[in-house]
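Survey of secondary and tertiary structure
Read off the chains here:
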Amino acid sequence: MVHWTAEEKAAINSVWQKVNVEKDGHETLTRLLVVYPWTQRYFSSFGNLSNITAINGNAKVHGHGKKVLSAIGEAIHHIDDVKGFLADLSKKHARELHVDPENFKRLADVLVIVLAAKLGTAFTPQVQAAWEKFNAALVAALSHGYF
Ligand code: HEM
């Protein structure tokens, strides 16, 4: 069980209040697919991902980015039990989607970059530290169903 201080929870919520799940989700998933191109193999049903323009304009990437960030937002609402909350989603990624769990860390890292660019000076070292702790909990929770 992860312990969260009131300051950490406040920092994580302050970040999330500024997030636009549609726009920032789109940017996060686009960056994942461009920066780590081998992640494209999981999204073969999404159609054309052959270059950055195609990825950026792909409606399924857009829709899925929103879905992923919405799930992260829900996990923040369940911050005292992220592992329990994400248990089914973890099993789905492990047993149905066969996603290499290393990729959860990559997505979480890309999201930090999107947030830092968006928040600018508001993304202070303390806020980043709280966010990285949440990321670690998120990645651990999503990886849990693999074992
Ligand atoms: C790190 C945070 C992640 C979260 C919160 C997340 C969340 C989700 C959610 C909510 C769904 C929809 C599940 C459903 O329809 O029941 C989903 C589906 C999926 N996810 Fe993830 N995901 C994450 C990371 C990844 C990564 C890193 C990959 C691959 C590189 C991936 C690949 C997929 C695929 C292929 C689907 C099915 C897409 C479709 O056909 O519609 N996910 N994910």
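The shown structure was predicted, so the numbers you read here are calculated from the model rather than taken from an experiment.

Take the packing of aromatic side chains next. Taken as a whole and judged by the stated rule, the model has 5 aromatic pairs. Relative to Tyr146, the ring of Phe104 has its centre 6.1 Å away and its plane inclined at 75°; by these criteria the two rings are edge-to-face. Of this pair, Phe104 sits in helix α7 (residues 102–119) while Tyr146 is found in the segment after α8 (125–144), placing the two residues 42 residues apart along the sequence. Given the relative accessible area of 25%, Tyr146 is considered partly exposed. One aromatic cluster is present, formed by Trp16, Trp131 and Phe134 through successive ring pairs. Positioned above the aromatic ring of Tyr36, the side-chain terminus of Arg106 is 5.6 Å from the ring centre. Stacked on the ring of Trp4, the Lys or Arg Lys133 has its end atom at 4.9 Å from the ring centre.

On to the coordination of the iron atom of the ligand. A lone protein donor binds the iron atom of the ligand: His93 (NE2), at 2.1 Å. When you line up the elements, His93 lands in helix α6 (residues 87–96).

Conventions and cut-offs
Residues numbered from 1 in each chain as written. Predicted model: local features only at pLDDT ≥ 70, side-chain atom pairs only at ≥ 80, totals over all residues. Heavy atoms only, no water. Phe/Tyr/Trp six-rings, centres within 6.5 Å; stacked < 30°, edge-to-face > 60°. Helix = DSSP H or I, 4+ residues; strand = E, 2+ residues; numbered from the N terminus. Buried < 20%, exposed > 50% of the residue type's maximum accessible area, 1.4 Å probe, protein only. Lys NZ or Arg CZ within 6 Å of the ring centre and 35° of its normal. Donors = N, O, S within 2.8 Å, 3.2 Å for Na, K, Ca; no water.

Keep in mind these numbers describe shape, not what the thing actually does.
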